[in-house]
Amino acid sequence: MNVGVGPNFRVACHTGGWTSEGRCPWVIKRMIRVFCDSPGLLLESAGKVRRPVVPFAIDDLFTAADPLALARHAWENGEPAVMPEAPLAPVGSQEIWAAGVTYLRSRTARMEESKEAGGGTFYDKVYHAERPELFFKGMPHRVAGPGKKVRIRKDSKWNVPEPELTLAINKDGRIFGYTVGNDMSSRDIEGENPLYLPQAKVYDGSTGLGPCLLVTDEALPGDTAIEIEIRRDGAAVFSGETHLSQIKRGFSELAEFLFRDNSFPAGVYLMTGTGIVPPDSFTLRSGDEIRITIGPVGTLVTTVA
(Lines give C-alpha, C1' and ligand atoms only; values in the text may rest on other atoms or scores of the structure.)
Protein backbone atom coordinates (compact mmCIF):
# COMPACT_ATOMS: atom_id res chain seq x y z
CA MET A 1 0.00 0.00 0.00
CA ASN A 2 1.36 3.44 -0.94
CA VAL A 3 0.10 6.72 0.43
CA GLY A 4 1.19 9.74 -1.61
CA VAL A 5 1.53 13.18 -0.09
CA GLY A 6 2.61 15.20 -3.08
CA PRO A 7 4.64 14.59 -6.26
CA ASN A 8 8.03 14.86 -4.56
CA PHE A 9 7.19 12.91 -1.44
CA ARG A 10 5.93 9.50 -0.54
CA VAL A 11 4.95 7.67 2.57
CA ALA A 12 5.98 4.13 1.72
CA CYS A 13 4.26 1.02 3.00
CA HIS A 14 4.16 -2.08 0.83
CA THR A 15 1.61 -4.83 1.10
CA GLY A 16 2.00 -6.46 4.46
CA GLY A 17 3.75 -3.40 5.86
CA TRP A 18 0.89 -2.43 8.14
CA THR A 19 0.53 -3.71 11.66
CA SER A 20 -2.72 -5.06 13.07
CA GLU A 21 -3.26 -1.60 14.55
CA GLY A 22 -3.02 -0.07 11.09
CA ARG A 23 0.35 1.62 11.67
CA CYS A 24 3.24 1.50 9.26
CA PRO A 25 6.46 0.23 10.92
CA TRP A 26 8.69 2.34 8.68
CA VAL A 27 8.17 5.59 6.78
CA ILE A 28 10.32 7.22 4.12
CA LYS A 29 8.92 10.42 2.67
CA ARG A 30 11.48 11.42 0.05
CA MET A 31 12.12 8.44 -2.21
CA ILE A 32 11.97 7.27 -5.79
CA ARG A 33 12.32 3.63 -6.74
CA VAL A 34 14.30 3.06 -9.95
CA PHE A 35 13.64 -0.11 -11.93
CA CYS A 36 15.68 -1.30 -14.91
CA ASP A 37 14.21 -2.99 -17.96
CA SER A 38 15.45 -3.58 -21.48
CA PRO A 39 14.29 -0.17 -22.86
CA GLY A 40 15.90 1.76 -20.00
CA LEU A 41 14.71 2.97 -16.60
CA LEU A 42 11.32 3.22 -14.93
CA LEU A 43 10.75 5.51 -11.96
CA GLU A 44 8.10 4.94 -9.30
CA SER A 45 6.97 7.46 -6.70
CA ALA A 46 3.67 8.10 -4.93
CA GLY A 47 2.34 4.94 -6.54
CA LYS A 48 2.88 6.32 -10.06
CA VAL A 49 5.28 4.75 -12.56
CA ARG A 50 6.85 6.91 -15.25
CA ARG A 51 9.45 6.47 -17.95
CA PRO A 52 11.86 9.39 -18.47
CA VAL A 53 11.22 11.40 -21.64
CA VAL A 54 14.94 11.92 -22.00
CA PRO A 55 16.45 8.47 -21.39
CA PHE A 56 19.26 8.15 -18.90
CA ALA A 57 21.12 5.22 -17.46
CA ILE A 58 21.69 3.88 -13.97
CA ASP A 59 25.28 5.11 -14.29
CA ASP A 60 24.01 8.70 -14.49
CA LEU A 61 22.61 8.40 -10.96
CA PHE A 62 25.93 7.13 -9.62
CA THR A 63 27.86 10.00 -11.24
CA ALA A 64 25.37 12.77 -10.36
CA ALA A 65 26.14 15.22 -7.57
CA ASP A 66 22.49 14.99 -6.45
CA PRO A 67 21.03 11.65 -7.60
CA LEU A 68 17.66 12.23 -5.90
CA ALA A 69 17.19 15.57 -7.68
CA LEU A 70 18.05 13.92 -11.01
CA ALA A 71 15.60 11.07 -10.43
CA ARG A 72 12.87 13.40 -9.18
CA HIS A 73 13.21 15.69 -12.21
CA ALA A 74 13.05 12.70 -14.57
CA TRP A 75 9.98 11.33 -12.76
CA GLU A 76 8.14 14.67 -12.76
CA ASN A 77 8.69 15.08 -16.51
CA GLY A 78 8.26 11.43 -17.47
CA GLU A 79 5.51 9.65 -19.34
CA PRO A 80 3.07 7.27 -17.61
CA ALA A 81 4.22 3.66 -17.69
CA VAL A 82 3.56 0.34 -16.00
CA MET A 83 5.74 -1.60 -13.61
CA PRO A 84 8.03 -4.03 -15.45
CA GLU A 85 7.07 -7.69 -15.11
CA ALA A 86 10.69 -8.81 -15.13
CA PRO A 87 12.99 -5.99 -14.01
CA LEU A 88 16.71 -6.31 -14.51
CA ALA A 89 19.36 -5.94 -11.83
CA PRO A 90 19.77 -2.22 -11.03
CA VAL A 91 23.42 -2.10 -11.98
CA GLY A 92 25.37 -0.41 -14.74
CA SER A 93 29.15 -0.16 -14.59
CA GLN A 94 29.46 -0.36 -10.81
CA GLU A 95 31.80 -2.63 -8.90
CA ILE A 96 30.16 -4.52 -6.06
CA TRP A 97 31.96 -4.65 -2.72
CA ALA A 98 30.95 -6.12 0.60
CA ALA A 99 31.56 -5.69 4.31
CA GLY A 100 31.92 -8.67 6.60
CA VAL A 101 31.41 -9.44 10.29
CA THR A 102 29.24 -6.38 10.90
CA TYR A 103 26.62 -8.27 12.95
CA LEU A 104 27.25 -10.30 16.09
CA ARG A 105 25.54 -13.32 14.51
CA SER A 106 27.97 -13.21 11.58
CA ARG A 107 30.96 -12.96 13.91
CA THR A 108 29.81 -16.02 15.83
CA ALA A 109 29.17 -18.07 12.68
CA ARG A 110 32.53 -17.17 11.11
CA MET A 111 34.36 -18.09 14.32
CA GLU A 112 32.63 -21.47 14.48
CA GLU A 113 33.26 -22.42 10.86
CA SER A 114 36.96 -21.53 10.95
CA LYS A 115 38.00 -22.65 14.43
CA GLU A 116 39.54 -25.92 13.23
CA ALA A 117 41.69 -23.97 10.78
CA GLY A 118 42.87 -21.70 13.59
CA GLY A 119 41.15 -18.64 12.15
CA GLY A 120 38.43 -18.20 14.73
CA THR A 121 40.05 -15.30 16.53
CA PHE A 122 40.44 -13.34 13.28
CA TYR A 123 36.71 -12.72 13.09
CA ASP A 124 36.41 -11.71 16.74
CA LYS A 125 39.22 -9.23 16.27
CA VAL A 126 37.78 -7.65 13.12
CA TYR A 127 34.35 -7.36 14.75
CA HIS A 128 35.87 -5.19 17.48
CA ALA A 129 38.54 -3.45 15.37
CA GLU A 130 38.36 0.13 14.17
CA ARG A 131 38.97 -0.99 10.56
CA PRO A 132 36.11 -3.04 9.06
CA GLU A 133 36.46 -6.07 6.81
CA LEU A 134 35.86 -4.98 3.22
CA PHE A 135 36.25 -7.17 0.16
CA PHE A 136 35.62 -7.09 -3.55
CA LYS A 137 32.51 -9.04 -4.52
CA GLY A 138 32.30 -8.73 -8.29
CA MET A 139 31.53 -6.84 -11.46
CA PRO A 140 28.11 -6.49 -13.12
CA HIS A 141 28.50 -9.64 -15.20
CA ARG A 142 28.50 -11.71 -12.00
CA VAL A 143 25.20 -10.22 -10.79
CA ALA A 144 21.83 -11.99 -10.93
CA GLY A 145 18.75 -9.78 -10.98
CA PRO A 146 15.14 -10.53 -10.03
CA GLY A 147 13.92 -13.86 -11.33
CA LYS A 148 17.41 -14.88 -12.42
CA LYS A 149 19.69 -17.62 -11.15
CA VAL A 150 22.42 -17.39 -8.57
CA ARG A 151 24.99 -20.16 -8.37
CA ILE A 152 26.75 -22.36 -5.86
CA ARG A 153 30.30 -23.50 -6.47
CA LYS A 154 30.83 -26.99 -7.83
CA ASP A 155 33.77 -27.54 -5.47
CA SER A 156 31.82 -26.56 -2.36
CA LYS A 157 29.49 -28.65 -0.19
CA TRP A 158 28.23 -25.97 2.21
CA ASN A 159 26.62 -22.94 0.58
CA VAL A 160 24.31 -20.27 1.96
CA PRO A 161 22.79 -16.97 0.88
CA GLU A 162 23.55 -13.89 2.94
CA PRO A 163 20.75 -11.27 2.84
CA GLU A 164 22.18 -7.79 3.08
CA LEU A 165 21.13 -4.19 2.77
CA THR A 166 23.28 -2.82 -0.03
CA LEU A 167 24.34 0.82 -0.23
CA ALA A 168 24.39 2.76 -3.49
CA ILE A 169 27.30 5.20 -3.28
CA ASN A 170 28.01 7.81 -5.94
CA LYS A 171 31.42 8.63 -7.35
CA ASP A 172 31.97 11.23 -4.63
CA GLY A 173 31.41 8.73 -1.82
CA ARG A 174 27.88 9.89 -0.98
CA ILE A 175 25.29 7.27 -0.01
CA PHE A 176 22.22 8.06 -2.07
CA GLY A 177 20.19 4.86 -2.10
CA TYR A 178 19.71 1.23 -1.25
CA THR A 179 18.94 -2.12 -2.82
CA VAL A 180 18.58 -5.71 -1.66
CA GLY A 181 21.72 -7.81 -1.89
CA ASN A 182 22.42 -11.53 -1.73
CA ASP A 183 26.03 -12.33 -0.91
CA MET A 184 26.25 -16.00 -1.92
CA SER A 185 28.90 -17.72 0.18
CA SER A 186 30.68 -21.07 0.31
CA ARG A 187 31.08 -21.54 4.04
CA ASP A 188 33.25 -24.65 3.87
CA ILE A 189 35.80 -22.97 1.61
CA GLU A 190 36.08 -19.85 3.77
CA GLY A 191 36.07 -21.98 6.93
CA GLU A 192 38.96 -24.11 5.66
CA ASN A 193 41.19 -21.06 5.56
CA PRO A 194 40.22 -17.36 5.84
CA LEU A 195 42.61 -16.61 2.98
CA TYR A 196 40.25 -18.55 0.71
CA LEU A 197 37.56 -15.87 1.17
CA PRO A 198 37.85 -14.55 -2.43
CA GLN A 199 37.13 -18.06 -3.74
CA ALA A 200 34.24 -18.48 -1.32
CA LYS A 201 32.72 -15.14 -2.29
CA VAL A 202 33.68 -14.23 -5.85
CA TYR A 203 32.53 -16.38 -8.75
CA ASP A 204 29.97 -16.23 -11.56
CA GLY A 205 26.46 -15.85 -10.18
CA SER A 206 27.69 -15.12 -6.66
CA THR A 207 25.74 -11.88 -6.28
CA GLY A 208 22.06 -11.02 -6.35
CA LEU A 209 20.80 -7.41 -6.55
CA GLY A 210 17.31 -5.95 -6.89
CA PRO A 211 14.44 -5.60 -7.40
CA CYS A 212 15.11 -1.87 -7.69
CA LEU A 213 17.32 0.96 -6.53
CA LEU A 214 15.66 3.03 -3.83
CA VAL A 215 16.91 6.61 -4.22
CA THR A 216 16.48 8.75 -1.11
CA ASP A 217 18.28 11.31 1.00
CA GLU A 218 16.81 9.87 4.19
CA ALA A 219 18.44 7.24 6.37
CA LEU A 220 16.54 4.01 6.86
CA PRO A 221 15.22 3.63 10.42
CA GLY A 222 16.85 1.13 12.74
CA ASP A 223 13.73 -1.01 12.94
CA THR A 224 13.85 -1.69 9.20
CA ALA A 225 13.65 -5.46 8.85
CA ILE A 226 15.74 -7.70 6.61
CA GLU A 227 13.89 -10.97 6.01
CA ILE A 228 14.76 -14.13 4.12
CA GLU A 229 12.83 -17.23 3.18
CA ILE A 230 14.28 -20.18 1.30
CA ARG A 231 11.78 -22.45 -0.39
CA ARG A 232 12.44 -25.97 -1.67
CA ASP A 233 9.88 -27.93 -3.66
CA GLY A 234 7.27 -25.33 -2.72
CA ALA A 235 7.87 -25.45 1.04
CA ALA A 236 9.88 -23.15 3.29
CA VAL A 237 13.06 -24.81 4.58
CA PHE A 238 14.59 -21.78 6.27
CA SER A 239 13.49 -18.30 7.27
CA GLY A 240 15.04 -15.58 9.35
CA GLU A 241 14.83 -11.91 10.22
CA THR A 242 17.08 -9.20 11.59
CA HIS A 243 16.93 -5.42 11.84
CA LEU A 244 19.31 -2.64 10.90
CA SER A 245 19.61 -1.70 14.56
CA GLN A 246 21.65 -4.90 15.05
CA ILE A 247 24.50 -3.79 12.79
CA LYS A 248 27.63 -2.74 14.66
CA ARG A 249 29.03 -0.24 12.17
CA GLY A 250 27.54 2.89 10.67
CA PHE A 251 26.92 3.03 6.92
CA SER A 252 28.85 6.27 6.50
CA GLU A 253 31.75 4.65 8.36
CA LEU A 254 31.80 1.72 5.93
CA ALA A 255 31.61 4.04 2.92
CA GLU A 256 34.42 6.21 4.25
CA PHE A 257 36.73 3.23 4.70
CA LEU A 258 35.87 1.94 1.22
CA PHE A 259 36.80 5.27 -0.37
CA ARG A 260 40.09 5.60 1.49
CA ASP A 261 42.80 5.73 -1.20
CA ASN A 262 40.26 4.26 -3.60
CA SER A 263 38.24 5.77 -6.42
CA PHE A 264 35.05 4.62 -8.12
CA PRO A 265 34.43 6.76 -11.22
CA ALA A 266 31.16 4.91 -11.91
CA GLY A 267 30.13 4.73 -8.26
CA VAL A 268 29.89 1.51 -6.28
CA TYR A 269 27.52 -0.84 -4.47
CA LEU A 270 28.51 -1.87 -0.95
CA MET A 271 26.84 -4.80 0.80
CA THR A 272 26.74 -4.17 4.54
CA GLY A 273 26.98 -7.68 6.00
CA THR A 274 24.46 -10.21 7.22
CA GLY A 275 22.80 -10.83 10.56
CA ILE A 276 21.04 -13.99 9.39
CA VAL A 277 22.95 -17.27 9.15
CA PRO A 278 21.22 -20.64 8.56
CA PRO A 279 22.13 -23.53 10.90
CA ASP A 280 25.26 -25.53 10.14
CA SER A 281 23.13 -28.44 8.93
CA PHE A 282 21.69 -26.35 6.09
CA THR A 283 23.09 -25.96 2.60
CA LEU A 284 21.53 -24.68 -0.59
CA ARG A 285 20.50 -27.00 -3.37
CA SER A 286 19.83 -26.48 -7.05
CA GLY A 287 16.28 -25.26 -7.55
CA ASP A 288 15.97 -23.53 -4.17
CA GLU A 289 14.10 -20.23 -4.29
CA ILE A 290 15.63 -17.42 -2.25
CA ARG A 291 13.34 -14.55 -1.23
CA ILE A 292 14.93 -11.55 0.50
CA THR A 293 12.75 -8.66 1.62
CA ILE A 294 13.75 -5.22 2.86
CA GLY A 295 10.51 -3.29 3.34
CA PRO A 296 11.19 0.04 1.60
CA VAL A 297 13.00 -1.60 -1.33
CA GLY A 298 10.90 -4.71 -1.95
CA THR A 299 11.61 -8.42 -2.40
CA LEU A 300 14.44 -9.92 -4.42
CA VAL A 301 13.58 -13.40 -5.66
CA THR A 302 16.27 -15.57 -7.23
CA THR A 303 16.68 -19.30 -7.84
CA VAL A 304 19.74 -21.46 -7.35
CA ALA A 305 20.98 -22.80 -10.68
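Residues numbered from 1 in each chain as written. Predicted model: local features only at pLDDT ≥ 70, side-chain atom pairs only at ≥ 80, totals over all residues. Heavy atoms only, no water.

What follows is about the overall build of the protein chain. Looking only at helices and strands, the protein chain has 7 helices and 20 strands in total. Looking at the protein chain as a whole, 54% of its 305 residues are labelled buried. Of the contacts formed within the protein chain by residues at least 6 apart in sequence, a portion of 72% connects residues at least 24 apart. Summed over its atoms, the accessible surface of the protein chain is roughly 13,100 Å², and 51% of this surface lies on carbon and sulfur atoms. (Helix = DSSP H or I, 4+ residues; strand = E, 2+ residues; numbered from the N terminus. Buried < 20%, exposed > 50% of the residue type's maximum accessible area, 1.4 Å probe, protein only. Contact = heavy atoms within 4.5 Å. Areas by Shrake-Rupley, 256 points an atom, 1.4 Å probe, with all protein chains shown as cover.)

In the predicted model, the protein chain carries a mean pLDDT of 87, and the fraction of residues at 70 or more is 85%. The low-confidence segment residues 1-26 (pLDDT under 50) makes 57 contacts with residues lying over four places distant or belonging to another chain. (pLDDT = per-residue confidence, 0-100.)

We now examine helix α7 (residues 251-258). Taken residue by residue, α7 has F251, L254, A255, F257 and L258 as its buried positions. Mapping the buried residues of α7 onto a view down its axis gives an arc of 165 degrees, with all of them on the same face. Looking at the buried residues of α7, the elements they touch are β7 (95-100), β8 (133-138), β12 (163-169), β13 (175-183) and β18 (268-271). (Arc of directions from axis to C-beta.)

Before going further, it helps to spend a moment on the nonpolar core. Grouped together as the largest cluster of nonpolar side chains are 45 residues, with contacts concentrated most on L165, I169, L258, L284 and I290. Counting residues per element, this core draws most heavily on α7, which supplies 4 residues. Apart from the residues lying within four places of it in its own chain, the contact partners of L284 are I152, N159, V160, P161, M184, I230, R232, I290 and V304. Core analysis: the second largest hydrophobic core is formed by 27 residues, I32, A89, F176 and V215 among them. (Core = buried A, V, L, I, M, F, W, Y, C linked by side-chain atoms within 4.5 Å.)

Right, let's get into the environment of N193. You can see N193 is positioned in the loop between α5 (187-192) and α6 (197-201). Note on N193: relative accessible area 26%, which makes it partly exposed. In terms of polar contacts, N193 uses its side chain to reach the backbone amide nitrogen of L195, at 2.9 Å. (Polar contact = N/O pair within 3.5 Å; in protein donor to acceptor, adjacent residues only side chain to side chain.)

Next up on the list: the pattern of salt bridges. Scanning the entire structure with this criterion turns up 16 salt bridges. Here D217 ties to R30 by a salt bridge, and the two come within 3.1 Å at their closest N and O atoms. With D217 in the loop between β15 (207-216) and β16 (225-232) and R30 in the loop between β2 (10-12) and β3 (31-37), the pair connects residues that are 187 residues apart, well separated along the chain. Look at R30 and you get partly exposed, because its relative accessible area is 22%. Residues K201 and E162 are paired through a salt bridge, measuring 3.2 Å at the closest nitrogen-oxygen approach. Remark: E162 occurs in the loop between β11 (159-160) and β12 and K201 occurs in helix α6; sequence separation between them is 39 residues. Side by side, K201 and E162 carry an identical accessibility label, which is buried. Connected through shared salt-bridge partners, K137, E162, D183 and K201 make up one network. (Salt bridge = Lys/Arg side-chain N within 4 Å of Asp/Glu carboxyl O.)

With that settled, consider the sheet that holds strand β10 (residues 149-150). The strands that make up a sheet are held in pairs by hydrogen bonds between backbone atoms, and each pair lies either parallel or antiparallel. Read across the sheet, 5 strands follow the order β10-β20-β19-β16-β17 without closing on themselves; strand pairing throughout is mixed. For this open sheet the edge positions go to β10 and β17 (235-243), each flanked by a neighbour on one side alone. The pairing of β16 with strand β19 (residues 289-294) spans 6 bridges and is antiparallel. Directly across from I230, in β19, lies its bridge partner I290. (Pairing = 2+ DSSP bridges.)

Judged from the 2 bridges that link them, β10 and strand β20 (residues 298-304) form a sheet pairing that is parallel. The partner of K149 across the bridge, within β20, is T303. Where β19 lies against β20, 6 bridges are found, and the strand directions are antiparallel. Bridge pairing in β20 links T293 to T299. Connecting β19 to the antiparallel partner β20 that follows it, the hairpin turn spans 3 residues.

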